[in-house]
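# Structure assessment
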Amino acid sequence: MNILDEIIASKYKEVAERKELYPVKLLEKSLYFETPCISLERYLLRPDKSGIIAEIKRKSPSRGDINPYISVERTSIGYMQAGASALSVLTDGPYFGGKNEDLMTARKYNYCPILRKDFTVDEYQIVEAKSIGADAILLIAAALEPARLKELAAFARSFGLEVLLEVRDKEELDATLSENVNVVGVNNRNLKDFVTDVNTSFEIAKHIPSGITKISESGISNPKTLIELSEAGFNGFLIGESFMYNSRPERAAANFIKEYKQLREKQEVPA
């Protein structure tokens, strides 16, 4: 069993337990449940933003502890002040050290799109995402049968949540893309062995239909890479570990985004 299979098996058990503890009727009483979602897709396309989805992640199965005692309040506010387009918050506990309260804290202090980063396998998690203040959910092609993924995407859209579809190759893209997907994300990290290669994004970019908002995820540590990805047609970039390994991730993000904007401005100056 690879790491992804292990996580998914664990997630089904976790969801069954949460259904018993927090029934849907209870989730529907949340203050956030009737609040309109903020569009992740629209913010990614805003010219005044960087296109960066800045992530809060305490640990990972491959790296162990990254920044376990992070202040979600300070970091999330700092990310947005630095010029990020959106936030991504890990809510998986056993493997990534996250919790729903992290996303709720980020929601409390920020008006921006927030992606709930988790391994969604059941409708219950989508209701839960809405109840904790998320604006978008992640659906991983490698984790679900195509028909099941499309069902969950449609269910999410019925609640006003946007859907980030994560793929690793053309076959996954072709099998899972639907009208309910708002953003396609190419994960440069193979979730089966956690090996990362940014070239994955460049290889798949040409297969993503034009007009679809697309982002590159994981393994991005150099602002110059963002320029190259933009030229390949990417509208956004999900960055976590490059920021989170610093004691003050928001400062790392600010320096990164400043350098990226300077590179972008140089490109726009006529020769």
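This section reports on the structure supplied with the text. (Residues numbered from 1 in each chain as written. Predicted model: local features only at pLDDT ≥ 70, side-chain atom pairs only at ≥ 80, totals over all residues. Heavy atoms only, no water.)

### Thoughts on the overall build of the protein
Applied cut-off: Secondary structure follows DSSP: runs of H or I at least 4 residues long count as helices, runs of E at least 2 residues long count as strands, and numbering of each begins at the N terminus. All accessible-area figures derive from a Shrake-Rupley calculation using a 1.4 Å probe, and residue coverage is judged against the displayed protein chains alone.
When helices and strands are counted, the protein shows 12 helices and 10 strands. With the C-alpha coordinates aligned to their principal axes, the bounding extent of the protein is approximately 65 × 40 × 35 Å. Per element, the accessible surface of the protein, about 12,200 Å² overall, is 49% carbon and sulfur.

### Structural notes on the packing of aromatic side chains
So the rule is basically this: Put simply, two rings from Phe, Tyr or Trp (the six-membered ring, in Trp's case) pair if the centres are within 6.5 Å, and we call them stacked under 30 degrees between planes, edge-to-face over 60, tilted for the rest. The cut-offs for exposure are 20% and 50% of the maximum accessible area for each residue type, with area from a 1.4 Å probe on protein chains only; residues under the lower value are buried, those over the upper are exposed, and the others partly exposed.
Scanning all chains against the criterion turns up six aromatic pairs. Between Tyr79 and Phe243 the ring centres are 5.8 Å apart and the planes differ by 50 degrees, which places this aromatic pair in the tilted class. One end of the pair, Tyr79, is in helix H4 (residues 72–82); the other, Phe243, is in helix H11 (residues 241–244), with 164 residues separating them in the sequence. Overall, the relative accessible area of 0% leaves Tyr79 in the buried class. Their ring planes at 80 degrees and their centres at 5.6 Å tell us that Phe243 and Phe256 sit as a pair that is edge-to-face.

### Here's the deal with the packing of helix H1 (residues 3–21) against helix H6 (residues 123–131)
The line we're drawing: Axis lines are fitted through C-alpha atoms, for helices just across the contact stretch, and the angle between N-to-C directions can take any value from 0 to 180 degrees. With the far helix as reference, a near helix turned anticlockwise by less than a right angle produces a left-handed crossing, and one turned clockwise produces a right-handed crossing. In what follows, a contact means two residues having at least one pair of non-hydrogen atoms within 4.5 Å. Gly is placed with the polar residues, together with every amino acid not listed as nonpolar (Ala, Val, Leu, Ile, Met, Phe, Trp, Tyr, Cys and Pro) or charged (Asp, Glu, Lys and Arg).
Running from N to C, H1 and H6 point in directions that differ by 60 degrees, and their axes come no closer than 10 Å. Between H1 and H6 the crossing geometry is left-handed. Contacts between H1 and H6 involve Lys11, Val15, Arg18 and Lys19 from the first element and Tyr124, Gln125 and Glu128 from the second. By residue class, the composition of the contact of H1 with H6 is two nonpolar, one polar and four charged.

### Let's talk about the pattern of salt bridges
In plain terms, the rule: Here a salt bridge means any side-chain nitrogen of Lys or Arg lying within 4 Å of a carboxyl oxygen belonging to Asp or Glu.
The final tally for this structure, using the stated rule, is 19 salt bridges. In this structure, Asp122 and Lys19 form a salt bridge, with 3.2 Å as the shortest nitrogen-oxygen distance. Placement of Asp122 in the loop between strand S5 (114–117) and H6 and of Lys19 in helix H1 is noted, with a sequence separation of 103 residues between them. Linking Arg148 and Glu151 is a salt bridge whose minimum nitrogen-to-oxygen distance equals 3.1 Å.

### So, unusual backbone geometry
One non-glycine residue, Ser218, lies in positive phi territory at about 75 degrees. Mapped onto the fold, Ser218 is located in the loop between strand S9 (213–217) and helix H10 (223–231).

### With respect to the packing of H4 against helix H12 (residues 249–268)
Note the cut-off: Between 65 and 115 degrees an angle is taken as roughly perpendicular, under 35 as roughly parallel, over 145 as roughly antiparallel, and anywhere else as oblique.
Contact pair H4 / H12: the axes reach a minimum separation of 8 Å and the direction vectors enclose 10 degrees. Relative to H12, H4 is oriented roughly parallel. From H4, Arg74, Thr75, Gly78, Tyr79 and Ala82 reach across to H12, where they touch Pro249, Glu250, Ala253, Ala254 and Ile257. When grouped by side-chain class, the residues that make up the contact of H4 with H12 number six nonpolar, two polar and two charged.

### Observations regarding the nonpolar core
Threshold: Side-chain atoms within 4.5 Å are what join buried Ala, Val, Leu, Ile, Met, Phe, Trp, Tyr and Cys residues into a set we call a nonpolar core.
Ranked by size, the top nonpolar core spans 84 residues in total, and within it Ile52, Phe237 and Phe243 carry the most contacts. Excluding its chain neighbours within four sequence positions, the residues that come into contact with Phe243 are Ile52, Ala54, Tyr79, Pro249, Ala252, Ala253 and Phe256.

### As for the pairing of strand S7 (residues 162–167)
Which entries qualify depends on this criterion: Only when DSSP finds a minimum of two bridges between them are two strands counted as paired. Clockwise travel from the first strand over the helix to the second, with the strands pointing away from the viewer, marks a crossover as right-handed.
Extensive coverage of S7 is indicated by the burial of six of its six residues. The side-chain alternation of S7 yields two buried faces, one formed by Glu162, Leu164 and Glu166 and the other by Val163, Leu165 and Val167. Examined bridge by bridge, strand S6 (residues 136–140) and S7 share five bridges and lie parallel to one another. Counted as the bridge partner of Ile140 is Glu166 from S7. The β-α-β motif built from S6, the intervening helix H7 (residues 146–158) and the parallel element S7 has right-handed crossover chirality. Relative to strand S8 (residues 183–187), S7 runs parallel, the two being bridged by four bridges.

### What to know about the environment of Arg18
With respect to the secondary-structure elements, Arg18 resides in helix H1. Among residues more than four places away in sequence, those in contact with Arg18 are Asn100, Tyr124 and Glu128.

### With respect to H1
Stated precisely, the cut-off is as follows: By definition here, a helix of n residues has an expected span of 1.5 Å times n minus one. Note: the arc covers the axis-to-C-beta directions of the helix. Residues adjacent in sequence count toward polar contacts only when both atoms are side-chain atoms; beyond that, a polar contact is any pair of N or O atoms within 3.5 Å, and within protein one must be able to donate a hydrogen and the other to accept it.
Look at H1: 27 Å from first C-alpha to last across 19 residues, which is about the 27 Å you get at 1.5 Å a residue. Restricting attention to buried positions, one finds in H1 the residues Leu4, Ile7, Ile8, Lys11 and Val15. Taken around the axis of H1, the buried residues stretch over an arc of 95 degrees, which confines them to a single face. Residues of H1 that are exposed and point over 90 degrees away from its buried face: Lys13, Glu17, Glu20 and Leu21. Its buried side turned inward, H1 meets H6. Two or three places before Leu4, at the opening of H1, Asn2 has a side-chain oxygen 3.1 Å from that residue's backbone nitrogen.

By themselves, these observations are geometric and do not establish any function.
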